[in-house]
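Structural characterization, general
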Amino acid sequence: MRVNKTYSCLPAEEKGIHIINIRAIEDIGYDQYESTLLNSLSKNPDADCKYGLYFRDGKRKVDYILVYQYKKSSAGRTVTRRGHNDSTGRSTKQEQLLPGKGVQLEMGESEPHMDYHEDDKRFRREEYEGNLVEAGLELEHDEDTKIHGIGFVKIHAPWNVLCREAEFLKLKMPTKKMYQINQTHGLLKKINSVIQKITEPIQPKVAEHKPQTVKRLSYPFSREKQHLFDLSDRDSFFDSKTRSTIVYEILKRTTCTKAKYSMGKGEGRKKEATLLNKRRKCGKYGITSLLANGVYSAAYPLHDGDYEGENIEPNDRKLLCEEWASYGVFYKYQPIDLVRKYFGEKIGLYFAWLGVYTQMLIPASIVGIIVFLYGCATVDENIPSMEMCDQRNNITMCPLCDRTCSYWKMSSACATARASHLFDNPATVFFSVFMALWAATFMEHWKRKQMRLNYRWDLTGFEEEEEAVKDHPRAEYEAKVLEKSLRKEHKHKETDKEKLTWKDRFPAYLTNFVGIIFMVGLTFAIVFGVIIYRISTAAALAISSTPSGRSSVRVTVTATAVIINLVVIIILDEVYGCIAKWLTQIEVPKTDKNFEERLIFKAFLLKFVNAYTPIFYVAFFKGRFVGRPGDYVYIFHSFRMEECAPGGCLMELCIQLSIIMLGKQLIQNNLFEIGIPKMKKFIRYMKLKRRHSLDHEEPMKKKQRYEVDYNLEPFAGLTPEYMEMIIQFGFVTLFVASFPLAPLFALLNNIIEIRLDAKKFVTELRRPVAVRAKDIGIWYNILRGIGKLAVIINAFVISFTSDFIPRLVYLYMYSENGTMHGFVNHTLSSFNVSDFQAGTAPNDPMDLGYEVQICRYKDYREPPWSENKYDISKDFWAVLAARLAFVIVFQNLVMFMSEFVDWIIPDIPKDISQQIHKEKVLMVEVFMREEQGKLQLLETWKDKDKKKGENCNNHSPRLSRSHSGSLSSCHSYPLDV
């Protein structure tokens, strides 16, 4: 790499040598020989370097891996650089190889046509790797691998670089000072000890999870204050997660400003030279840009080792696999501290949040089961459902569709009415209030848990580091700025400190707005299409000649429509995820944080609308705008709007919610997460097997660690993981009044989800770069928003979707004996069949065996014998007023109670605030003692100097003259010190 810098000042023509041939000579003459010699001298060099975890010397640890693709020449020569340390001896060797000026190579004339684009990438890699070496990193190449056409660059950060970067990043590291953590006393101590003994079987067997009584004082690392830190074992002072984070920061900061050479000829060469000159002026390529441009194909830190097999050395990955990423330990707590140690704070916080959420679902599930059991126990005592099932009432209902549908008995809907009571009973109102308070308590509990983790993980006072990370521009943003600079340069304008303005982004903003509106409209259109399907299918099934077919029309239509909705939701979820990413990319946000927040907002908006639109329709719109017999509302003048069942739409809402929630969790979250990675892994295996058949490699040769990790899936971020849990949180809270068992199904799903995600992170994915974070970011605000929205939606569900308010109004205003007897008859209006519009009356009016004069329908309207027949009755306005009053009272009461819970529970636990204060006091004491020690040392030196001076002055003149050198040395002593 350095040689290329040395020779880059002279054009290839002046040297009389083609740069490709220099590489060919190097490849043929030395590298292969050196690799062969190394292989012959060492019996098993792979074992010495622990199969890729260390450099070939077996001493320097591999902290990061860069992967690139290379092509073998047509003559069959392979660039083989295994075990070659670029940071030490490469430049000397190349200087011996390069001939002097004016030397022509005969081989250059017969050199086959090369891919100049690949050469440009190679020169960029060489410059970039040279800059990494100048930054202090040590590199080693390996192209002699079992993966065809793939080369690896192993990176090691020496001690001085780690110290420099740790100080720059302000990493808090443990000092020598240890202090006692405040322990509980008295009764609380006994209770804690009992709880620890009870929960001991469900605690993971890892050292990090054991309760600690002492803690090391942490302080931002400083090279000037290394004496404060415990550096007895330098190899383990910076763990693998911290080392990879430091290297990644250097990779992002180090730039590659240009390609060294232009490989074209004639006009093509001139164009490339012009482009390279522009790059030289404007372009800077960090690792993100190099990955985006294909210069490198991957960059990742290594896993600690294998997690399964025989004779495996103990490592954190294996421990995580046994104690965390296994379905057999589903009942145990998560080893969150070990997860954070291995994957970093951001991933650790996700799993900690998921664990807290799952724990909080336990009491919600228990209360939901009690509410459901209460409905089961009181179903036989429910007077309205008993009246509907009583065939002696002989209530004849109006047809559900025009012409093909006939009159029907209300008692035929007995099963639906009884099932509705399981979810539509007074206990569901209590459960709605409970879940609103549960959501507020969950948010407060998480804030406290998050603060404890911040204290344990030394993340207090982290805002400064976050600001530094936020300001780093993305590769796509830099490329867009470069493109803008080149356009201005072409127009002979100044290009100092260019940046993207709203004018540059206006087309992207317009595309985002139009795209989101179109996607939301598409979702509404699909729901509308399903409505048309329900109406037309109900009419078609009503023609069925069998009585059983006619009786099961409503169940059949509801079930098939929900399944169609589920399939559409799952497909559109994947489509909307890709569209949200594309819309965010064309916006070109400046930083990774901005990109992530904008992507989350778009994806959440689209997926929220997609998942909940069918449910909102059933809850608030179905049966509201149907009209009345003789004056129905029609779609396209042919499809009559569908009605709710006599027992109300709540049962149908429950079916819709349960099928979509369970199907989404089972198919999308679990089946996709298990099946798709397995399928991708199988495809990669088949591709590698096909490649290996072309290569002549040793079949029994064990792969290096970086080769194994390269075959894993790259880490795609935590957004999909959070998104599925946030959507589930919406199912649990938004419509919980209609489905009390939602927390239970969410709990069962999450128990599997935690181990599934853990297994994916440990075994299926490349190790992600550890990212420091002190909270879950924008997701917390989304959770709070859903919690507030849940109060409003549940108020409307109880008030308008269920029959809770009409029952109360009837009980206290219209009931003659203070019971619910007569409620069903009160909610039904009468219709004279002679008032049907022409062509809408049933084709078979004698289907029930008798002629029908008056049929009933569910609404509050005047009877046909009234003066204002079929007008809205005063009962309707009384019920509507009660419903609106309930919404206002319920919403404000629950909101007040939620805010009270928020206020009464402090965000920071008292013991944690005391420990943080104690740490600050101890740190001040450490520095005060250090300063006092320095002052005492200076005083001691001054006293010695003074005594020495007095001794020198007390000498006799003769002695003083004979020892003048000694006198001068006395006065020079402080200067030496």
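Residues numbered from 1 in each chain as written. Predicted model: local features only at pLDDT ≥ 70, side-chain atom pairs only at ≥ 80, totals over all residues. Heavy atoms only, no water.

1. A short note on the overall build of the chain
Secondary structure assignment for the chain yields 35 helices and 15 strands. Here the analysis covers contacts within the chain between residues at least 6 apart in sequence; of these, 82% occur between residues at least 24 apart. For the chain, the exposed surface amounts to about 48,600 Å²; the carbon and sulfur share of it is 59%. (Helix = DSSP H or I, 4+ residues; strand = E, 2+ residues; numbered from the N terminus. Contact = heavy atoms within 4.5 Å. Areas by Shrake-Rupley, 256 points an atom, 1.4 Å probe, with all protein chains shown as cover.)

2. A look at the side chain of glutamate 444
When you line up the elements, glutamate 444 lands in helix α18 (residues 426-456). On the accessibility criterion, glutamate 444 (1% relative accessible area) is buried. The residues touching glutamate 444, leaving out its near neighbours within four places in the chain, are Arg784, Val901, Asp902, Ile905 and Asp907. (Buried < 20%, exposed > 50% of the residue type's maximum accessible area, 1.4 Å probe, protein only.)

3. Comments concerning the packing of helix α7 (residues 159-168) against helix α10 (residues 240-253)
Helix-helix packing is characterised by the crossing angle of the two axes and by the distance between the axes. With their axes 10 Å apart at the nearest point, α7 and α10 run at an angle of 80 degrees to one another. Looking at the two axes, α7 sits roughly perpendicular to α10. Of the residues in α10, those touching α7 at Val161, Leu162, Arg164, Glu165, Ala166 and Phe168 are Arg243, Ile246, Ile250 and Arg253. Across the contact of α7 with α10, the residue classes tally to six nonpolar, no polar and four charged. (Axes fitted to C-alpha atoms, helices over the stretch in contact; angles between N-to-C directions. Parallel < 35°, antiparallel > 145°, perpendicular 65-115°, else oblique. Nonpolar A, V, L, I, M, F, W, Y, C, P; charged D, E, K, R; others polar.)

4. With respect to the packing of aromatic side chains
Aromatic rings considered in pairs are described by the distance between their centres and by the relative angle of their planes. If you walk through the whole model with that rule in mind, you get 51 aromatic pairs. Seen from their ring centres, phenylalanine 876 and tryptophan 877 are 5.0 Å apart, and the 80 degrees between their planes marks the pair as edge-to-face. The side chain of arginine 122 reaches across the aromatic face of phenylalanine 123, ending 4.9 Å from its centre. Between the NZ or CZ atom of lysine 215 and the centre of the ring of tyrosine 455, over which it lies, the distance is 5.0 Å. (Phe/Tyr/Trp six-rings, centres within 6.5 Å; stacked < 30°, edge-to-face > 60°. Lys NZ or Arg CZ within 6 Å of the ring centre and 35° of its normal.)

5. Regarding the nonpolar core
By size, the foremost hydrophobic cluster in this structure holds 126 residues, and its most contacted members are Trp353, Tyr357, Trp438 and Phe735. Those residues in contact with tyrosine 357 that sit more than four places away from it in its chain are Trp438, Phe442, Met725, Gln728, Phe729, Val732 and Asn750. Core analysis: the second largest hydrophobic core is formed by 47 residues, Leu217, Phe229, Cys256 and Met923 among them. (Core = buried A, V, L, I, M, F, W, Y, C linked by side-chain atoms within 4.5 Å.)

6. Some words on helix α13 (residues 316-323)
Here α13 has its buried residues at Asp316, Arg317, Leu320, Cys321 and Glu323. Turning to α13, the residues buried within the fold contact α14 (336-343), α26 (705-710) and α28 (742-764). For α13, the capping residue at the N-terminal end is asparagine 315, with a side-chain oxygen 3.0 Å from the backbone nitrogen of arginine 317. (Polar contact = N/O pair within 3.5 Å; in protein donor to acceptor, adjacent residues only side chain to side chain.)

7. Quick look at the pattern of salt bridges
One pass over the structure, following the stated rule, counts 44 salt bridges. Between aspartate 120 and arginine 124 there is a salt bridge, with the nearest N and O atoms lying 3.2 Å from each other. Here the residue aspartate 120 and the residue arginine 124 both occupy positions in helix α6 (residues 116-134), the gap between them amounting to four residues, near one helical turn. There is no split in this pair, since aspartate 120 and arginine 124 are both buried. Put simply, lysine 593 and glutamate 597 hold a salt bridge, and the shortest N to O gap is 3.6 Å. With lysine 593 and glutamate 597 both in helix α24 (residues 592-621), this residue pair falls four residues apart, about one helical turn. One network of salt bridges, in which partners are shared, links Glu444, Lys447, Arg784, Asp902 and Asp907. (Salt bridge = Lys/Arg side-chain N within 4 Å of Asp/Glu carboxyl O.)

8. Focus: the environment of aspartate 316
The residue aspartate 316 is located in helix α13 in this model. Sequence separation between aspartate 316 and aspartate 306 is 10 residues, and the spatial gap between their C-alpha atoms is 9.9 Å. Leaving out residues up to four positions away in the same chain, aspartate 316 has contacts with Asp304, Leu338, Lys341 and Tyr342. Within the structure, the side chain of aspartate 316 is placed 3.4 Å from the side chain of lysine 341, a separation counted as a polar contact.

9. What to know about the state of the cysteines
A complete count under the given rule lists three disulfides for this structure. Covalent S-S linkage joins cysteine 389 and cysteine 414, the inter-sulfur distance amounting to 1.9 Å. As the torsion about the S-S bond is roughly 95 degrees, the cysteine 389-cysteine 414 disulfide counts as right-handed. A residue pair is termed long-range when its members are at least 10 positions apart, and cysteine 389 in helix α16 (residues 383-389) and cysteine 414 in helix α17 (residues 414-423) qualify at 25 residues. Look at cysteine 414 and you get buried, because its relative accessible area is 19%. (Disulfide = S-S within 2.5 Å.)

10. Looking at unusual backbone geometry
The backbone of lysine 170 sits at a positive phi, close to 55 degrees, despite the residue not being glycine. Relative to the elements of secondary structure, lysine 170 occurs in the loop between α7 and β5 (172-180). In this model, aspartate 458 sits at a positive phi of 60 degrees, which is unusual for a non-glycine residue. Along the chain, aspartate 458 turns up in the loop between α18 and α19 (463-470). On the basis of relative accessibility, which here comes to 19%, the residue aspartate 458 falls in the buried class.

11. So, the confidence of the model for the chain
Considering every residue of the chain, the mean pLDDT works out to 78; 79% of them sit at 70 or more. Predicted confidence for residues 956-977 stays below pLDDT 50, and this span has eight contacts to residues more than four positions away or in other chains. (pLDDT = per-residue confidence, 0-100.)

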